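A closer look at the structure
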Amino acid sequence: MAAVYPLPKFHFQVEWGGVRLGFSEVTGLNVETDVIEYREGASPEYHKIKMPGLQKFPNITLKRGTFKADNEFFTWWNTVALNTIERRNLIISLLNENHEPVVVWKVKQAWPSKVMSGDLKADANEVLIESIELVHEGLTIQNE
């Protein structure tokens, strides 16, 4: 019988607008539900009840190496004009050894709220990393 292992997290891809981009890190793939606490005055219990409230979706941060003449992050960020910005749906896929999706996160109506260049350091021996922080209006998870 073959051993069954959990999925490694290092083989993934990100698609936006039909384009696949390589990233070194993706964080913020979370879904939360606010808690509503309520107690009516005639309740025989001496505590509040807790009910599910609105869902929240934290920002997603994507990080990648900086490449010469690649302005994709800044171009998207600069689409803001008069309270509008280009929104994109993203598909983030964890891949198996055959490069097929096994877990897929679908992000709805994302747009960049922050673009960050990496720190410069004269004695560093590492790749310059840039990142983009995205706000969005929903996240679904499909475990294939």
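Check the entry above for the structure.
Notes on the structure in this doc start here. Because the structure is a prediction, the values reported are computed rather than measured. (Residues numbered from 1 in each chain as written. Predicted model: local features only at pLDDT ≥ 70, side-chain atom pairs only at ≥ 80, totals over all residues. Heavy atoms only, no water.)

Some thoughts on unusual backbone geometry
Definition in use: Helix numbers and strand numbers start at the N terminus; a helix is a DSSP run of H or I with at least 4 residues, a strand a run of E with at least 2. When accessible area is computed with a 1.4 Å probe and restricted to protein chains, residues below 20% of their type maximum are described as buried, those above 50% as exposed, and intermediate ones as partly exposed.
Of note, the phi angle at A69 is positive, near 65 degrees, even though the residue is not glycine. Relative to the assigned elements, A69 resides in the loop between β6 (60-65) and α1 (72-77). Look at H99: it is not a glycine, yet its phi comes out positive at around 65 degrees. Here H99 shows up in the loop between β7 (88-95) and β8 (101-116). We classify H99 as exposed; its relative accessible area is 56%.

Some details on the environment of W111
Condition: When checking whether two residues touch, look at their non-hydrogen atoms; a contact exists if any pair is within 4.5 Å.
Considering the arrangement of structural elements, one finds W111 in strand β8. For W111, a relative accessible area of 27% puts it in the partly exposed group. Put simply, W111 and I141 are 30 residues apart on the chain and 19 Å apart in space, counted from C-alpha to C-alpha. Leave out the neighbours within four places in its chain, and W111 touches W76, I85, E86, R87, E133, L134 and V135.

Concerning the environment of F10
Note on placement: F10 falls in the segment before β1 (12-16). Note on F10: relative accessible area 68%, which makes it exposed.

Considering the pattern of salt bridges
Opposite charge on two side chains makes pairing possible when the charged atoms of those side chains draw close. Quick note on the threshold: Counted as salt bridges are all cases of a side-chain nitrogen of Lys or Arg within 4 Å of a carboxyl oxygen of Asp or Glu.
On inspection of all chains with the given rule, the structure shows 10 salt bridges. A salt bridge links D34 to K56, with the shortest nitrogen-to-oxygen separation between them at 3.3 Å. Taken together, the residues D34 in strand β4 (residues 32-38) and K56 in strand β5 (residues 49-56) connect sequence positions 22 residues apart. Classification of K56 by relative accessible area gives partly exposed; the value is 38%.

Quick look at the pairing of β8
Inclusion rule: Two strands form a pair only when DSSP identifies at least two bridges running between them.
For β7 and β8, the ladder comprises 7 bridges, and the chain directions are antiparallel. Note on β8: the bridge partner recorded for L94 is V103. Linking two consecutive strands that pair antiparallel, namely β7 and β8, is a turn of 5 residues; a positive phi of about 65 degrees is found at H99 within it. Sheet topology places β8 next to strand β10 (residues 139-143); 5 bridges connect them, and they run antiparallel. Its bridge partner being in β10, V104 is matched across the sheet by Q142.

As for a nonpolar patch on the surface
What counts is decided by this rule: To count toward a patch, a residue needs a relative accessible area above 30% and no salt bridge. Like charges then connect within 9 Å, nonpolar side chains (Val, Leu, Ile, Met, Phe, Trp, Tyr) within 5 Å. Only the protein chains shown count as cover for residues, with accessible areas throughout obtained via the Shrake-Rupley method and a probe of 1.4 Å.
A cluster of nonpolar residues, I36, Y38, I49 and M51, forms a patch on the protein surface that exposes about 350 Å² of accessible area. Elements supplying a minimum of two residues to the nonpolar patch: β4 and β5. On the secondary structure map, Y38 appears in strand β4.

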